[in-house]
Amino acid sequence: INERMKNLSNNEVDTVLEMMEKMDPAQEARLKAMGVDPALMQQTAQMLKDNPGMREQAKKMMENMSPEEMLAASQQAQKQMAGMSKEDVGKTLEQLKNPSLNKE
């Protein structure tokens, strides 16, 4: 996985993000079985799609992570988000999309 991440083109990343946004019920069920919130994943995909700078930053970060580190980071993020309301998750995603909102 790590080597593949290093070599993904921007078009391939866009394709992955589109797939995340257009999940079918079976894909959503698999994610839920793994403890992943499909709606949150779709919101994140949309945010990365809308923000090329953030997408590139995430790609670079993952290039240097082992598969185990990626899994641990994903699990940690899910654990942190699990205790948040949908409204708080939305606000957090909006702040990530628009860093200028953090200056309020």
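Residues numbered from 1 in each chain as written. Predicted model: local features only at pLDDT ≥ 70, side-chain atom pairs only at ≥ 80, totals over all residues. Heavy atoms only, no water.

## Quick look at the packing of helix α4 (residues 38-50) against helix α5 (residues 52-63)
Heads up, the rule is: Each axis is a line fitted through C-alpha atoms, and for a helix only the stretch in contact is used; angles between axes span 0 to 180 degrees, taken between their N-to-C directions. Secondary structure counts use DSSP, requiring at least four H or I residues in a row for a helix and at least two E residues in a row for a strand, with both numbered from the N terminus. In these notes the angle categories are as follows: under 35 degrees is roughly parallel, over 145 is roughly antiparallel, 65 to 115 is roughly perpendicular, and the rest is oblique. Any two residues whose heavy atoms approach within 4.5 Å are treated as being in contact.
Where α4 contacts α5, the axes come no closer than 5 Å and their chain directions differ by 110°. As far as their axial angle goes, α5 and α4 are roughly perpendicular. Every residue of α5 that contacts α4 at M47, L48, K49 and D50 is listed here: P52, M54, R55 and A58.

## Re the pattern of salt bridges
Where charged atoms of side chains with opposite charge meet at close range, the side chains can pair. Counted only if it meets this: Within this document, salt bridges are pairs made up of a side-chain nitrogen of Lys or Arg and a carboxyl oxygen of Asp or Glu, the two lying within 4 Å of each other. Burial classes: relative accessible area under 20% of the type maximum marks a residue as buried, over 50% as exposed, and values in between as partly exposed (1.4 Å probe, protein chains only).
Across all of its chains, the model carries three salt bridges by this definition. Note that K49 and E21 form a salt bridge whose closest N and O atoms lie 3.2 Å from each other. Here the residue K49 occupies a position in helix α4, and E21 occupies one in helix α2 (residues 10-21), the gap between them amounting to 28 residues. The class of K49 is partly exposed, set by a relative accessible area of 32%.

## A short note on the nonpolar core
Stated precisely, the cut-off is as follows: In this text, buried Ala, Val, Leu, Ile, Met, Phe, Trp, Tyr and Cys residues form a nonpolar core when linked through side-chain atoms within 4.5 Å.
Membership of the largest hydrophobic core is limited to 12 residues, which are V13, L17, M20, L40, A45, M47, L48, M54, A58, M81, V89 and L93. Those elements giving two or more residues to this core turn out to be α2, α4, α5 and α7 (86-97). Looking at which element gives the most residues to this core, the answer is α4, with four residues. When sequence neighbours within four positions are dropped, the list of residues in contact with M20 reads M41, Q42 and A45.

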